[in-house]
Every structure is written in structure tokens, then in C-alpha cells.
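Coordinate inspection notes
So you can see what is in the structure, the chains are spelled out below.
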Amino acid sequence: MAVASAMATMTAVLTAAMAKIKGNWRVLQLSAWLGWQLESNWTDPLLFLGYIFVKPVASSLILLVMYLVVTRGDTTAPAFAGMYVGNAFFAFVGQVMFGVSWVIAEDREHFATLKYVYISRIRLFWYLLGRAGAKFVITSISTAVLLLFGRYALGVPLHLTGFRPLYFGVVFGLGIVGCVGASLFMAGIMLVAARNGGGYAEGLAGLFYLASGALFPIDILPRWLQGASLALPFTYWIEGLKRALLGTATGARLSALGDTGLLWRLALGTAAAIIVGAGAFRLAEHVARRRGLLDMQTQS
Amino acid sequence: MIAGTDTRKGGNAPHRTGNSRLLGSLELNLRAMRARAYVRVVGVNRELSWLFFDIFLPLFGVAAYVYVYRSLDAPPAYAGFVILGGAMTAYWLNVLWAMASQFYWDKETGNLEVFYLSPMSPMAVLFGMSVGGLIQTSLRAFTTMILGSWLFGVHFQVESPGALAAAFLLTMAALYGLGMALASFYLMYGREAWHISNLLQEPVYLVAGLQFPIKALGMTVALTVSFLPLTVGMDAVRQLLYPGAGFGYLPVAVEIGILVLLSGIFLTLAQVGLRWMERAAKREGRLTLRWQ
């Protein structure tokens, strides 16, 4: 009798857990679809494709001209290859972080739907993750195009022979989770900030861009900034991606780390980013609700 | 008070003359302009965190590009280009997001219809936004210049302060004129406006030569993109801060002439475009159309 009762309780708990997972998965799917529609349906697909390529290609060309104007050298050199690959993948940090934090401002003030999302049965947390998914898809397309452009138009040495798919997959996956952590942190900030706070994500992305060594070896940074750089998961992420795609390590400090050591540091940093990001988001959600900021309108 | 007389505007005569009507209209529009600029200037001062983030966060992106040049062993002048470019970026961002797409945002929040219901000219609102935006952004731009120069040991050599001031002010006049022209253009549009602004960001950084002398793109490209105030203005300012270094693609005097021309063209375009777009938007019922 006791066993039957325990079984029944366990089944009920499992059923409830499964229903919750299914519900959250559905929220993820629907909000990702909504995000995709918002990002893409303002124009026809062809123009939209052009739109998602122009921005990243322009930012890569800026780096290319900066490189050529100084070195007048060839674009197959390791310095340029590292800079190019770092910049291409860093787009995930900037785009996902800005995109998710901007969802708060857009839904709160533009569409005025944040309050309805909030009072519905769905969790804002999962809704935001879904919206991040849409950003991820768009950034993935533009990064893939950038890599192809680099390989075939600029001669960046991205060869399949040196490519390590397994290492790439693990490093890439961990880094994306880290991006989500940073995005949740910024979304939390936006919950309590005015519309102008959209620039904060770009500013923070600028800090990561500088400190992660996406464009240059971290050895040239001042020592105190090198310390900050080594505390960031994105430093290990970008370095891991460069190793997986180009087969070479960057700079003396990071070269001292083996592939496994790098992976461990990336995993730890990613875990910390998710814990801090989710914690900050929940705290900000609580503050925003207490202060009545969930439906505020701000102007400048 | 006699009917038809508005004592606030100093009119005591029963019938106002053409001149007093003109003065009254001018006063009204100047007041509207001041009011719109006031929101921008005071808004920042009331929220000190905006001031902090607006000033310090963009410095990181600027520093990243300085280190790119350092990693390539570039001459010190290149760090100066990046700092100058970082300062001018602030104006371009302000023009794109707080000028060009502002009417779109105003439409979405319901302010645009109020602007059109009031007796002022929408041009006064645009001028007010420009003045307010210019003041608001100058704080970020000048701080980037001062802190950036100090942090990276960059020295500029100003031999002709008058020409430098003229080049800068004319660049701003042409740039904000372009912003006003774009704002009138965006009046018709919905979400496209946001995306167009987003699209124009990096490509303009590239063709304006914000991080390198525009000459590096070749004379043909440089001349082709000379309709952009930022391209011409940046080149003029760069030449005046590094005299004799040979970084320019045109003489400064020619560039100042181009900027005068561009200011006139864009301000005229803004006025004509605003009237035209307003008519079209009213005809198609788009002035109050939201969430499209």
C-alpha cells in the first residue's frame, strides 16, 4: 500500500515536472518564432538577407582597412586571421546581449506588451531565452557568411584540414551559454533602467571586446586589464574558437594554457556568468515590480 | 481683451499686421524649439547614471581599436584617429537614433500626433532635437577626446583653431541637417525606420573613415562618399589636428566649401521632405499608425 502510494506520488511529481518542461519549451519555441518575425518580417526575405550581411561585413572591412593601412601586408598572416575570426564570433556577444536587453525596452515601451507577458502564465525568463534564440539564429547566419567571405575573398587561412569540429562544438556551445548569462544580466539592468539604457549593453560589449582579446593578444593590454581579461569567459571562448578554426594559440599568456585547461576555465566562467546573470535578472525583476517599473514609459 | 488680439505676443492692436503675425509665429517656433531641446539637455542631467554610462562605456570600444593599432605597431597618430573617430561616432549615433528615427518613436508613443495638433512647425521640433542632441552628445564626444588623449598619450597639434572650429561646426550643421532630412523621410515608415538606422551604423563608420584616413580607401571611393558630412568633416578635422602629415584627400578649404554646400542641401531637403512626407503620411493615414 505504502509502495503504491509512493509510486503514485512520484508519478504525479514526474508528470508535473514534464508538464512544466513542456510548457517552458513551448514558450521558448513561440517566443523564438515571435523574435524571428519581429526581426525579419518588416521587409522581403532577399532584402533581409542583405541587411543581415551588410553590418558584419562592414565592421570586418573596417578592421581590414585598419590592418592594411598600417602593415600593407597580406591577409593570410596569423595576426589578421586571429583578428578576423575573433571579430566574427564576437558578434554573438554583442548581438545576443544587446538584442535580449533591447527586448525589455521594446516590449515595455514600444509595443507595451511586457506587462501582459508578465501577468500571463509564462515566465519572463523563458520568454527572453526564446527571444535570444532568434538573435542567435540571425547572428549565426551572418557569422557563417563572414567566415566564408574571409576564407574566399580575403584569403584568411580557414581550412577544413586544421578544423577540429568536436573541440569547436564544445567551446562554441559553452560560449553561447555564457552569452545568455551576460544577456540576462543586461536584461535585468534594462528592467530598472530607462529606454536610453539600450546603450549600456553596447558599452558592456565594448568592454568585453577590449578585454577578451578578440582583436589582439591580451599580452599588449596593461597588466591590471590582463587580470580582468583572464577572469572573463569570453577570453577563453574566443581563444578556443581561434584554436579550433586556425589551429594556433594567440599570445604568450594564453598559449601557456593547454586546450583542456582552456576548456575548464571556459566552463567555470560560463557557469559563473549564468549564475550571476540569472541572479541579477531575478533581483532586478523583483525591484522593477516593487517600484512599478514594468510598464514605465521613458523619453529623451 | 479685444477679440483677435493676443497680449502674450505683444499685440495690443485689434488687427494684427503681417509683421506682428510673423514675429508671433517666430516666437512660438523658437519656444517650441527651446522646449524640445530642453527635454534632451535636462533629461540627461536629471538621470546622472545616463551621464556616467554615456561617457565612460563608449571609451572601451575606442580603446579596443587603439590596441588594434598598437598590436600592429602603428605610428602614434593612428591612436589619435581612433579617439577622434570615437568622439565623432557619438554624433553619428545621435543623428541616427535620436534624430532620424525619433519621429518614428514619437509616432509609436503617441507624441507625433500632439506635435501636429499644436500650432508650431514640425521643423521647430526638429531644430530643437538637433540643438538638444548636439549639446547632449558634445559632452560624450569631448570627454572621449579628453580622456582618450590622456589615457593613450595622444597629442594633437592645433595650428588654426579658427579653421578647426569652422570645420567642426559646419560638419555638425551638415550632419544634423542630414538627420533632419532623414527624420522627415522616416515619418512614413514603421519598423523599417529602426532597421534602416541599424543598417546605416557600421557601413557609415567604414566609409566615413572614422578609424583611418579615408584616403586609404582610394580617391574614387573617397570622392563618391563625399556627400556624407562625416566623411568630409572627419577628413578636415583630422588634417587640422595633424597639420602637414598628408592624411587628407582634399584641401581643407575645399572640404569646408563642401560642408557649407551640404548644410544648405540637407536643411532644404529636410524642409521640403517634411512637407512632402507629411502630406503623403496624412493621405495614407500613417501619421498615427502604430505597431506596424
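Residue numbering note: each chain is counted from 1, following its sequence as written. Lettering of chains starts at A and numbering of ligands starts at 1, both following the order in which they are written. Owing to the predicted nature of the model, reporting of local features is limited to residues with pLDDT of at least 70; listing and counting of side-chain atom pairs is limited to 80 or more, with chain, interface and lining totals taken over all residues. As a convention, hydrogens and water are excluded, and side-chain values are obtained from all of the structure's heavy atoms.

**Some thoughts on the overall build of chain A**
Looking only at helices and strands, chain A has 11 helices and zero strands in total. Note that the radius of gyration is over C-alpha atoms, with the globule rule given as 2.2 Å times the number of residues to the power 0.38. For a compact globule of 300 residues, the expected C-alpha radius of gyration is about 19 Å, and chain A comes in at 21 Å, within 12% of that figure. Only protein chains enter the calculation, and the probe is 1.4 Å; a residue is then buried if its accessible area is under 20% of its type maximum, exposed if over 50%, and partly exposed in between. Within chain A, the fraction of its 300 residues that count as buried is 53%. Using the Shrake-Rupley algorithm and a 1.4 Å probe, accessible areas are obtained, with residue cover drawn only from the displayed protein chains. By element, 71% of the accessible surface of chain A is carried by carbon and sulfur atoms, the whole surface being about 13400 Å². Think of it this way: any DSSP run of H or I at least four residues long counts as a helix, any run of E at least two long counts as a strand, and we number them from the N terminus.

**Some thoughts on the nonpolar core**
We define a nonpolar core as any set of buried Ala, Val, Leu, Ile, Met, Phe, Trp, Tyr and Cys residues linked to one another through side-chain atoms lying within 4.5 Å. Of all hydrophobic cores here, the largest spans 183 residues; its most connected members are Phe89, Phe208 and Trp237 of chain A together with Tyr69, Trp92, Phe103 and Leu126 of chain B. It is helix H3 (residues 78-110) of chain A that provides the largest number of residues to this core, a total of 18 residues. Contact definition: two residues touch when any of their heavy atoms are within 4.5 Å. Not counting residues up to four positions away in its chain, the partners in contact with Trp237 of chain A are Phe89, Phe92, Val93, Val171, Phe172, Gly175, Ile176, Cys179 and Leu266 of chain A. Core analysis: the next-biggest nonpolar cluster, separate from the first, contains five residues, Trp42, Phe48, Tyr51 and Ile52 of chain A among them.

**A closer look at the pattern of salt bridges**
By convention in these notes, a salt bridge is any Lys or Arg side-chain nitrogen within 4 Å of a carboxyl oxygen on Asp or Glu. Scanning the model with the defined rule gives 11 salt bridges over all chains in all. Between Asp259 of chain A and Arg243 of chain A there is a salt bridge whose closest N-O contact spans 2.9 Å. Of this pair, Asp259 of chain A sits in helix H11 (residues 259-291) while Arg243 of chain A sits in helix H9 (residues 233-246), placing them 16 residues apart in sequence. Residue classification places Arg243 of chain A among the buried positions, given a relative accessible area of 4%. For Glu27 of chain B, the salt bridge identified is with Arg31 of chain B, shortest N-O distance 3.9 Å. Within this pair, Glu27 of chain B and its partner Arg31 of chain B are both found in helix H1 (residues 18-46), separated by four residues, close to a single helical turn. Judged by relative accessible area, which is 46%, Arg31 of chain B ranks as partly exposed.

**Brief notes about a nonpolar patch on the surface**
For patch detection, residues must exceed 30% relative accessible area and be free of salt bridges, and they are connected within 9 Å for like charges or within 5 Å for nonpolar side chains (Val, Leu, Ile, Met, Phe, Trp, Tyr). A contiguous nonpolar patch, built from Leu49, Val137 and Ile141 of chain A and spanning about 200 Å² of accessible area, is present on the exposed surface. Residue position: Leu49 of chain A is located in helix H2 (residues 45-71).

**Looking at the interface of chain A and chain B**
Each partner contributes residues to the interface: chain A has 44 residues there, and chain B has 44 residues. Across the chain A/chain B interface, buried area totals approximately 4200 Å², and carbon plus sulfur atoms make up 72% of it. In this assembly, chain A and chain B are joined by one salt bridge. Where Lys55 of chain A meets Glu202 of chain B, a salt bridge forms, and the shortest distance between an N and an O atom there is 2.8 Å. Pairs of N or O atoms within 3.5 Å make up the polar contacts considered here, provided that, within protein, one atom can donate a hydrogen while the other can accept it, and that residues adjacent in sequence are counted only when both atoms are side-chain atoms. Here chain A is connected to chain B by four residue pairs in polar contact (both at pLDDT 80 or more). Of all the secondary structure elements, the ones that give two or more residues to the side of chain A that touches chain B are helix H1 (2-40), H2, H3 and helix H7 (198-211) of chain A. Sort the elements by how many residues they give to the side of chain A that touches chain B and H2 of chain A lands first, with 14 residues. Under this grouping Gly is polar, as are all residues other than the nonpolar Ala, Val, Leu, Ile, Met, Phe, Trp, Tyr, Cys and Pro and the charged Asp, Glu, Lys and Arg. Grouping the amino acids of the side of chain A that touches chain B by side-chain chemistry returns 28 nonpolar, 11 polar and five charged. Accessible-area loss on putting two parts together, using a 1.4 Å probe and summing over both, is the definition of buried area adopted here.

**A short note on helix H8 (residues 191-207) of chain B**
Residues and elements named next belong to chain B. Between its first and last C-alpha atoms H8 spans 25 Å; for 17 residues at 1.5 Å apiece the expected length is 24 Å, and the two agree. The sharpest bend along H8 measures roughly 30° and falls at Gln201, with the proline Pro203 sitting one to four residues further on. Among all positions of H8, only Arg191, Ala193, Trp194, His195, Ser197, Asn198, Gln201, Glu202, Pro203, Val204, Tyr205 and Leu206 are buried. Phi turns positive one or two residues past the end of H8, at Gly209, with a value near 65°. The length a helix should cover is 1.5 Å for every residue beyond the first. To get the bend at any residue, fit one axis to the seven residues that end at it and another to the seven that begin at it, then take the angle between the two axes.

**Concerning the layout of surface pockets**
Residues and elements named next belong to chain A. Counted as a void, the largest pocket has a volume near 340 Å³. For cavity detection a 1 Å grid was placed over the protein atoms alone, and a set of points counts as a cavity when a 1.4 Å probe fits there but cannot get out; an open set counts as a pocket when protein lies on both sides within 12 Å along at least five of seven lines, with lining residues being those that have an atom within 4 Å of a point. Leu147, Leu158, Leu160, Phe163 and Leu245 are, among the 16 residues lining the largest pocket, the residues nearest its centre. Listed by contribution, the elements that provide at least two residues to the lining of the largest pocket are H3, helix H5 (124-152) and helix H6 (165-192). Of all the elements, H5 adds the most residues to the lining of the largest pocket, at seven residues. Residue composition of the lining of the largest pocket, grouped by class: 12 nonpolar, three polar and one charged. Grid points are joined across faces, edges and corners, and a volume is the space filled by probe spheres set on the points.

**Remarks on empty space enclosed by the protein**
To find the voids left in a structure, one rolls a probe of water-molecule size over its atoms. Inspection of the entire model under this criterion finds four cavities of 30 Å³ or more. By volume, the second largest cavity amounts to about 200 Å³. Residue lining of the second largest cavity: 15 residues in total, with Glu39, Trp102, Glu106, Arg131 and Lys135 of chain A positioned closest to the centre. Those elements that provide at least two residues to the lining of the second largest cavity are H1, H3 and H5 of chain A together with H8 of chain B. Of all the elements, H3 of chain A adds the most residues to the lining of the second largest cavity, at six residues. The class makeup of the residues in the lining of the second largest cavity is six nonpolar, four polar and five charged.

**Here we look at the side chain of Thr250 of chain A**
Residues and elements named next belong to chain A. Following the sequence through the fold, Thr250 ends up in the loop between H9 and helix H10 (251-255). Taking relative accessible area as the criterion, Thr250 reaches 18% and is therefore assigned buried. Ignoring sequence-local partners within four residues, the contact set of Thr250 consists of Pro217, Glu239, Lys242 and Ser255.

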